[in-house]
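Structural characterization, general
Each chain, letter by letter, is given below.
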Amino acid sequence: MAAGVAAWLPFARAAAIGWMPVANCPMPLAPTEKNKRQDELIILNVSGRRFQTWRTTLERYPDTLLGSTEKEFFFNEDTKEYFFDRDPEVFRCILNFYRTGKLHYPRYECISAYDEELAFYGILPEIIGDCCYEEYKDRKRENAERLMDDNDSENNQEGSMPSLSFRQTMWRAFENPHTSTLALVFYYVTGFFIAVSVITNVVETVPCGTVPGNKELPCGERYAVAFFCLDTACVMIFTVEYLLRLFAAPSRYRFIRSVMSIIDVVAIMPYYIGLVMTNNEDVSGAFVTLRVFRVFRIFKFSRHSQGLRILGYTLKSCASELGFLLFSLTMAIIIFATVMFYAEKGSSASKFTSIPASFWYTIVTMTTLGSSLGLQKGVMGAPSLLPFNEQMVGDTQHRTGRYLTLSAFPSL
Amino acid sequence: MTDTVEDEMEMATVRHRPEALELLEAQSKFTKKELQILYRGFKNECPSGVVNEETFKEIYSQFFPQGDSTTYAHFLFNAFDTDHNGSVSFEDFVMGLSILLRGTVQEKLNWAFNLYDINKDGYITKEEMLDIMKAIYDMMGKCTYPVLKEDTPRQHVETFFQKMDKNKDGVVTIDEFIESCQKDENIMRSMQLFENVI
C-alpha cells in the first residue's frame, strides 16, 4: 500500500486547510522536489520480452536495482531501452511487486532460480506477501534438507573418513555393528550369550528326574555347578561389554543415565549381590527375589532388534493416553469396589472383608477375565455389578472391554 | 434469503466509473495531465473507484504516523463527501482538491468553514470547534514542541472564538468567519502557499 500512497500527497497537503485558520503562525513552504520530471514511460527489455511501466512506479523502491540509478548500467543507447539478459517469467512477478507493492511467489517456479533472480534485482525475500510466504518457506526448507541429505550421502560414499581415535571407533562399532567385521562378531556373540542366559533361567526351573525320597527336583538344583558356571560365563561377558561401552561412550554421564545401560546393570547386579551375600537364612528370601531380575536380560535384545526399540518408542509416545487409561480404570475400580463392599456387607459369608479386598474381584471382572473367586452372595451385590457379571460374559462385554482399550490409542 | 445475498454481492463489487476526462477538466481547474496523474493514484489505492471511510483513514494515517489521525480523517471525509452517501467518488475527490488547490481565497475559506461545521447547520459552535481542535491535536501526537497541556485545545478554541465571533453570540457564522480570516495576515499568507502543491 505504501507504494501508491505517494500519489495521494497532494491530498494530504490540501488537508492542511483544516488547521490553517486556527494556526498562530503562517504555514511554511512545502518542500519542492528537485529534478521534477514529467512522468515518462520506460521500456524494460528482458530477453526479448518488452515490459513498459512508468518511471515513478519503479522509483517507489529506491533501494532495488530497478528503482535506483543501478539500472542505468543496463541502458542501451541505440534502442533507448533497458536490456536485462534474465528470465522474463520471473521478471513478471518482480514488476508486479513494483506495481502492487506485493511480491508473490509462483508455484511452478524453481525455488533456487527464484532466489537468484530476487538477489539480482536487489529484492529481499522477506517482503513476500502473506499469500505466498508459507509456500516459499516450505519449498526453501525442502530444498535445504535435500541439499543436506546430498552432502551427507556424498560424505558417506567418500570413504576417506577423518581419522577417529580408538575410543571413537569402538563407540561406532558398538552402536552400528555393520561398520566392521569385528563389530559384527561382537554383536552376534553378545546376542548368543543373552539367549543362552535367558534359556538357562528358564531351564533351571524345569523338574528333571527325582532323587530317592520321591521328591521332584528342578534342574537348577540337580546340576547346580553346571548352571553356576554358565551363569558366571554370561555375567563375565555382560560385565566386559558394559565396561567397554562405558569406556567408549562420548558422554559417560549420559550413557549411565540411558535406559539400555540401566537394563545392563540390573541384569548383572543379582549375580554380584549373590556373590557378596552369604547363605544367610534371613536374606535368602530377598536374594531369591533379586534373581527374578535376571529376566531383564531379555530386554538386552532390544539393542539387537529395531522392532523392539520401535515398540518402546511407541509406548513412550503414547504415555499420556496410557496414563489416562490407567487413571480411568483406577477410578472405576475404586467406585465399583466400594459399591461391592457395601452391598455385600450384610452377608456374613462375604469374601469382601474390606474395600481393598474387593479390588481384586473388581479388576478381574472389569478386564473381562472373570473368576470364580468371591461370587456375590448378598442380594444387593448381584444387580450392582450386573453389567460386569461373569455369567454375562458375552460378546458385548468383550467388545466393550476391547473398545475401551483401543479407544485410548487413537493415534496408533 | 437469496435477495439479501445478491444485494451483498452487488455491494461488494460496486464499480464506479468517473465522468469523462473532458467533463472533469471543464468542471475542475486541473489540466488533463494532472487529472490523469490524480486518477492513476486514486485507482491504485481504490480499485473499485470509490473511497470509503476506512480506506480514507488508513491513507491519512500513513502520512501522519506520529499521532492518531482517525478523528480528523473522519471530519475530512465528511467534508469531501458532499452528497453524504458514505463514499467519496473520484469526482468528489477532484472537486474538493480543485477548490483547495486552485480555488479563490473565498472558496477555500468556504471549504474550511464547511469542514469545521460538523453538523452542517451554518454555525460553528464551541463544541464543534473543540472537537475539531482535539482532532488536530490528536493528529500531531505527543512529539510536539512545546509539550502540550491538557486544556490547550480549550484555550485555543477560546482564542479562536475571541478572534472570530464578532457579535459574541457564541457561534460563528460563515460571514463572520470569512471576514475575520480576510483581516488576518497570517491566514491570508498561508492560503497563497497552496498553489504549487500538485
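Residues numbered from 1 in each chain as written. Chains lettered and ligands numbered in written order. Predicted model: local features only at pLDDT ≥ 70, side-chain atom pairs only at ≥ 80, totals over all residues. Heavy atoms only, no water.

Right, let's talk about the overall build of chain A for a bit. Scanning chain A from N- to C-terminus turns up 18 helices and six strands. Across chain A, contacts joining residues at least 24 apart in sequence account for 56% of those joining residues at least 6 apart. Of the accessible surface of chain A, which amounts to about 26,000 Å², a share of 64% is contributed by carbon and sulfur atoms. (Helix = DSSP H or I, 4+ residues; strand = E, 2+ residues; numbered from the N terminus. Contact = heavy atoms within 4.5 Å. Areas by Shrake-Rupley, 256 points an atom, 1.4 Å probe, with all protein chains shown as cover.)

Moving on, we get to the packing of aromatic side chains. Residues and elements named next belong to chain A. Overall, the coordinates contain 45 aromatic pairs over all chains when judged by the stated rule. Pairing Phe-84 with Tyr-121 gives two aromatic rings, centres 6.0 Å apart and planes at 65°, and the pair type is edge-to-face. Note that Phe-84 is positioned in strand 4 (residues 81-84) and Tyr-121 in the loop between helix 5 (111-120) and helix 6 (130-158), a separation of 37 residues in sequence. One exposure class covers both Phe-84 and Tyr-121, and it is buried. Positioned over the ring face of Phe-238 is Lys-300, at 4.5 Å from the centre of the ring. (Phe/Tyr/Trp six-rings, centres within 6.5 Å; stacked < 30°, edge-to-face > 60°. Buried < 20%, exposed > 50% of the residue type's maximum accessible area, 1.4 Å probe, protein only. Lys NZ or Arg CZ within 6 Å of the ring centre and 35° of its normal.)

Mapped onto this structure's residue numbering, the UniProt feature "domain: EF-hand" (unreviewed entry) falls at residues 68-103, 104-139 and 152-187 of chain B. End C-alpha to end C-alpha, residues 104-139 of chain B measures 27 Å, and it is 72% helix and 8% strand. (UniProt positions renumbered as here; feature names shortened; annotations may be inferred.)

Moving on, we get to helix 4 (residues 53-63) of chain B. Within helix 4 of chain B, burial applies to B:Thr55, B:Phe56, B:Ile59 and B:Tyr60. The buried residues of helix 4 of chain B all sit within an arc of 130° when viewed along its axis, so they share a single face. (Arc of directions from axis to C-beta.)

Now for a negative patch on the surface. Residues and elements named next belong to chain A. Residues Glu-142, Glu-145, Asp-149 and Asp-152 make up a contiguous surface patch of negative charge. By the secondary structure assignment, Glu-145 is in helix 6. Among the residues examined, Glu-145 registers a relative accessible area of 43% and is labelled partly exposed. (Patch = residues over 30% accessible without salt bridge, like charges linked within 9 Å, V, L, I, M, F, W, Y side chains within 5 Å. Salt bridge = Lys/Arg side-chain N within 4 Å of Asp/Glu carboxyl O. Lys, Arg positive; Asp, Glu negative; His and termini not counted. Charge placed at Lys NZ, Arg CZ, Asp CG, Glu CD.)

Looking now at the nonpolar core. A:Phe11, B:Leu76, B:Phe80, B:Phe93, B:Met129 and B:Phe177 are the most contacted members of the largest nonpolar core, which totals 57 residues. No other element matches helix 8 (residues 126-140) of chain B, which puts eight residues into this core. Mapped onto the domain boundaries, this core takes at least three residues apiece from domain 1 (16-102) and domain 2 (105-197) of chain B. Excluding residues that lie within four positions of it along the chain, B:Phe80 makes contacts with A:Phe11, B:Phe56, B:Val88, B:Asp92, B:Phe93, B:Gly96, B:Leu97, B:Leu100 and B:Trp111. Core analysis: the second largest hydrophobic core is formed by 26 residues, A:Phe97, A:Tyr98, A:Ile111 and A:Tyr136 among them. (Core = buried A, V, L, I, M, F, W, Y, C linked by side-chain atoms within 4.5 Å. Domains from an automatic or database assignment.)

Contacts between chain A and chain B engage 32 residues on the former and 47 residues on the latter. Of all residues in chain A, the largest losses of buried area upon contact with chain B belong to A:Trp8, A:Phe11 and A:Ile17, amounting jointly to 22% of the total for that side. The interface formed by chain A and chain B includes zero salt bridges. In this structure, the connection of chain A to chain B is made through four residue pairs in polar contact (both at pLDDT 80 or more). The leading source of residues in the side of chain A that touches chain B is helix 2 (residues 9-14) of chain A, at six residues. A class-by-class count of the residues in the side of chain A that touches chain B yields 23 nonpolar, four polar and five charged. (Buried area = accessible area lost by both parts, 1.4 Å probe. Polar contact = N/O pair within 3.5 Å; in protein donor to acceptor, adjacent residues only side chain to side chain. Nonpolar A, V, L, I, M, F, W, Y, C, P; charged D, E, K, R; others polar.)

To continue, consider the packing of helix 7 (residues 166-175) of chain A against helix 10 (residues 224-248) of chain A. All names here are of chain A. Between helix 7 and helix 10, the shortest axis-to-axis distance is 8 Å and the interhelical angle comes to 125°. Looking at the two axes, helix 7 sits oblique to helix 10. The two elements helix 7 and helix 10 meet at a crossing, and its hand is left-handed. Mapping the contact onto sequence places Phe-166, Arg-167, Met-170, Trp-171, Phe-174 and Glu-175 in helix 7 and Leu-244, Arg-245, Phe-247 and Ala-248 in helix 10. Of the residues in the contact of helix 7 with helix 10, the class split is seven nonpolar, no polar and three charged. (Axes fitted to C-alpha atoms, helices over the stretch in contact; angles between N-to-C directions. Parallel < 35°, antiparallel > 145°, perpendicular 65-115°, else oblique. Left-handed = near helix turned anticlockwise from the far one by under 90°.)

The next thing to look at is the packing of helix 5 (residues 70-80) of chain B against helix 8 of chain B. Residues and elements named next belong to chain B. Running from N to C, helix 5 and helix 8 cross one another at 130°; their axes reach a closest spacing of 7 Å. Relative to helix 8, the element helix 5 is oriented oblique. In this structure, helix 5 contributes Thr-71, Tyr-72 and Phe-75 to the contact, and helix 8 contributes Asp-131, Ile-132, Ala-135, Ile-136, Asp-138 and Met-139. By residue class, the composition of the contact of helix 5 with helix 8 is six nonpolar, one polar and two charged.

A word on the confidence of the model for chain B. Low pLDDT means the predicted atomic positions in that stretch should not be read closely. Residues and elements named next belong to chain B. Confidence in the prediction for chain B averages 81 pLDDT; 89% of positions are at 70 or higher. Between the elements of chain B, mean pLDDT differs from a low of 49, seen in helix 1 (residues 2-12), to a high of 89, seen in helix 5. Confidence estimates for the predicted assembly give a pTM of 0.48 and an ipTM of 0.77. (pLDDT = per-residue confidence, 0-100.)

Let us look at the environment of B:Glu179. Structurally, B:Glu179 is set in helix 10 (residues 174-183). Here the alpha-carbon distance between B:Glu179 and B:Gln106, two residues 73 residues apart in the chain, equals 9.9 Å.

With numbering aligned to this structure, UniProt lists the feature "transmembrane region" (unreviewed entry) at residues 182-203, 223-244, 256-277, 322-343 and 355-375 of chain A. With 95% helix and 0% strand, the stretch residues 223-244 of chain A has end C-alpha atoms that lie 32 Å from each other.

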